[in-house]
Amino acid sequence: MTSEPDATTAAVSTADLQLHYGQTTVLKGIDIALGRGKTLALLGPSGCGKTTLLRLVAGLLAPSKGSVSIAGKVVADAATGAFAPPEKRNLGMVFQDYALWPHMTVGGNVAFPLEMRGIGRTERQARTMRALERVGLSAFADRRPSDLSGGQQQRVAIARAIVAEPQLILFDEPLSNLDRELRENMVGELAELIASLGLTAIYVTHDHSEALTLADQVAVMRAGRVEQLASPDALIARPATPEVADFLRLGGIADLERRGESWNFKGSDIALMPAATGAVGTARVLIPVAAIMPGDMQPGRLAATVLRSQFRGDGHLATVSLAGTDHVELQVLSRIKLRPGESVGLAIDSNQVRWFENSLPSPQ
Ligand SMILES: Nc1ncnc2c1ncn2[C@@H]1O[C@H](COP(=O)(O)OP(=O)(O)OP(=O)(O)O)[C@@H](O)[C@H]1O
Ligand SMILES: [Mg+2]
């Protein structure tokens, strides 16, 4: 069994990390610990504090309260005022906008962190070429960044971040300026690169598929807090809250109430599943996409109306409204395109319904 890393064994950790801007609290006490060679994704909606947390780890911001440790050493602590600047933290950073210097060549950009560290010309050139090879750009060393495509520019930024062989690499939405196909390819490449270099990485994104593809651990953030920190598998199997399930687009969230022998959708006569004797009250559940088979309306199926539908690679993902309920919306995956306003019948496999922990236990 592997034990969770703590502040002394972790590659990066934070303890009760807070950041205030005047009266506004942007981070409300973040505790994370990431093991060496692991990738953590910070996932959450715009404004939840992802970049702020990354900047605190990088040393571009100092905490209002709490501390940050890297490789067992405290690099920032609000209580003592201890603060190591970014260049003393042995890390590399990659930003959304690449932040390349336009007046320098690709090689000059990549070599820059080595120059800052006072590394001699010959070694600098060798290491720059090695970093460019890693990202498949060794033929581009003498070009200007402006002569490169967006994807190539981002590769230059990645080469610059790894050239000094940092222990930790921080990414802030590095792929969000790229088109979808390139983004999907680069996520895989990045994961391979991080693994082959044995890097510890923190990867900020608001794209759940990027986070789940790349990370060993995902911190789902909301309004300055970590709502859940877990592996991708655990997040999908056991989302802690309806908000996490919703953000990961795992399916529809519904409120149920016990009515006689069954669990009904709240305020309706529509039964979802039988209730065990003794089960009482109300519950909130996730009905995963995979639990629902859409088809024609037949006896035993639940009637629903299609609200909207989007193609997502393996079929059409539609949001439907369940007839006879108070606006219960579910997500279904259909091989054929479903049009808004169309009626469908849903067969729901109640064994796949997930009950949230602070809700009632499964009525088996
Ligand atoms: N310098 C600042 N002064 C005041 N408030 C700030 C400052 N910088 C950020 N904030 C606020 O802090 C909150 C978190 O910002 P942050 O940039 O960390 O969000 P984010 O999760 O990275 O969002 P996005 O996905 O849009 O990049 C936001 O509400 C933002 O308005
Ligand atoms: Mg941000």
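Residues numbered from 1 in each chain as written. Chains lettered and ligands numbered in written order. Predicted model: local features only at pLDDT ≥ 70, side-chain atom pairs only at ≥ 80, totals over all residues. Heavy atoms only, no water.

## Section: the overall build of the protein chain
Quick note on the threshold: Helix numbering and strand numbering both begin at the N terminus, where a helix is a DSSP run of H or I of at least 4 residues and a strand a DSSP run of E of at least 2. Residues count as neighbours in contact if any of their non-hydrogen atoms are within 4.5 Å of one another. Note on areas: these come from Shrake-Rupley sampling with a 1.4 Å probe, and a residue is covered only by the protein chains present in the view. Residues scored as charged are limited to Lys and Arg (positive) and Asp and Glu (negative), so that His and the chain ends carry no count. The location of each charge is read from NZ of Lys, CZ of Arg, CG of Asp or CD of Glu.
In terms of regular secondary structure, the protein chain is built from eight helices and 21 strands. Taken along the three principal axes of its C-alpha coordinates, the protein chain extends 80 × 50 × 45 Å. By sequence separation, contacts in the protein chain at least 24 residues apart represent 62% of the contacts at least 6 residues apart. Counting only carbon and sulfur atoms, one obtains 48% of the accessible surface of the protein chain, whose full area is about 18100 Å². Positive and negative side-chain charges in the protein chain, numbering 36 and 38 respectively, have mean positions lying 4 Å apart.

## With respect to the pairing of strand S19 (residues 329–334)
The following threshold applies: A pair of strands counts as paired when DSSP detects no fewer than two bridges linking them.
Two strands pair when backbone bridges link them, and strand S18 (residues 316–322) and S19 are joined in this way by six bridges, in the antiparallel orientation. Bridged to Leu 317 within S19 is Leu 333. Here S18 folds back onto S19 in antiparallel fashion, the turn holding six residues, of which Gly 324 has a positive phi close to 80°.

## Concerning the domain arrangement of the protein chain
Put simply, the rule is: Residue ranges for the domains trace back to a domain assignment, done automatically or taken from a database. Two parts placed together each lose some accessible area; with a 1.4 Å probe, that loss summed over both constitutes the buried area. Any carboxyl oxygen of Asp or Glu that lies within 4 Å of a side-chain nitrogen of Lys or Arg is treated as forming a salt bridge with it.
If you check the domain split of the protein chain, you get domain 1 (12–244) and domain 2 (249–355). Here domain 1 and domain 2 have C-alpha centroids that lie 39 Å from each other. Counting from both sides, the interface comprises six residues of domain 1 and, opposite them, six residues of domain 2. Approximately 510 Å² of surface area, both sides summed, lies buried where domain 1 meets domain 2, with 68% of it carried by carbon and sulfur atoms. Looking only at domain 1, the three residues that lose the most surface to domain 2 are His 208, Ile 236 and Pro 242, adding up to 65% of its buried area. For the interface between domain 1 and domain 2, the tally reads zero salt bridges. No other element matches the three residues that helix H7 (residues 232–237) contributes to the side of domain 1 that touches domain 2.

## A word on the pattern of salt bridges
Side chains that differ in sign of charge can pair as their charged atoms come close. In plain terms, the rule: Think of it in three bands: with a 1.4 Å probe and only protein chains considered, a residue is buried below 20% of the maximum accessible area for its type, exposed above 50%, and partly exposed in between.
Inspection of the entire model under this criterion finds 13 salt bridges. The shortest N-O distance in the salt bridge between Glu 184 and Arg 180 comes to 3.6 Å. Taken together, the residues span about one helical turn, with Glu 184 and Arg 180 both in helix H5 (residues 180–197) at a distance of four residues. Both residues of the pair, Glu 184 and Arg 180, belong to the exposed class. The partner of Glu 210 in a salt bridge is Arg 183, and the shortest N-O contact between them spans 3.7 Å.

## Re the side chain of Glu 210
Mapped onto the fold, Glu 210 is located in helix H6 (residues 208–214). Not counting residues up to four positions away in its chain, the partners in contact with Glu 210 are Leu 175, Arg 183, Val 187, Tyr 203 and Thr 205.

## Considerations on the packing of aromatic side chains
Our working definition: Here the aromatic set is Phe, Tyr and Trp, taking the six-membered ring for Trp, and pairing holds for ring centres within 6.5 Å; pairs whose planes are under 30 degrees apart are stacked, those over 60 apart are edge-to-face, and all others are tilted.
One pass over the full model with this rule turns up three aromatic pairs. On the basis of an interplanar angle of 50° and a centroid distance of 5.5 Å, the ring pair of Phe 171 and Tyr 203 is categorised as tilted. Of this pair, Phe 171 sits in strand S8 (residues 168–172) while Tyr 203 sits in strand S9 (residues 200–205), and the two are 32 residues apart along the sequence. Owing to a relative accessible area of 1%, Phe 171 belongs among the buried residues under this scheme. Centre to centre, the rings of Trp 263 and Trp 355 are 5.2 Å apart; their planes meet at 70°, and the pair counts as edge-to-face. Highlighted residues: Trp 263 in strand S13 (residues 262–265) and Trp 355 in strand S21 (residues 354–355), separated in sequence by 92 residues. The class of Trp 263 is buried, set by a relative accessible area of 0%.

## Description of the packing of helix H2 (residues 106–116) against helix H3 (residues 121–134)
As a reminder of what qualifies: Only C-alpha atoms enter the line fits that serve as axes; for helices the fit covers just the stretch in contact. Angles between N-to-C directions range over 0 to 180 degrees. To sort the angles, those under 35 degrees are grouped as roughly parallel, those over 145 as roughly antiparallel, those from 65 to 115 as roughly perpendicular, and the leftovers as oblique. Two helices that cross are described as forming a left-handed crossing if the nearer one is turned anticlockwise from the farther one by less than a right angle, and a right-handed crossing if clockwise. Just so you know the grouping, Ala, Val, Leu, Ile, Met, Phe, Trp, Tyr, Cys and Pro go in nonpolar, Asp, Glu, Lys and Arg go in charged, and all remaining residues, Gly too, go in polar.
Running from N to C, H2 and H3 cross one another at 120°; their axes reach a closest spacing of 9 Å. As summarised for this structure, H2 and H3 are arranged oblique, according to the angle between their axes. Like other packed secondary-structure pairs, H2 and H3 cross with a definite hand, here right-handed. Of the residues in H3, those in contact with Val 106, Gly 107, Val 110, Ala 111, Leu 114 and Glu 115 of H2 are Arg 124, Arg 127, Thr 128, Ala 131 and Leu 132. Partitioning the contact of H2 with H3 into residue classes produces six nonpolar, two polar and three charged.

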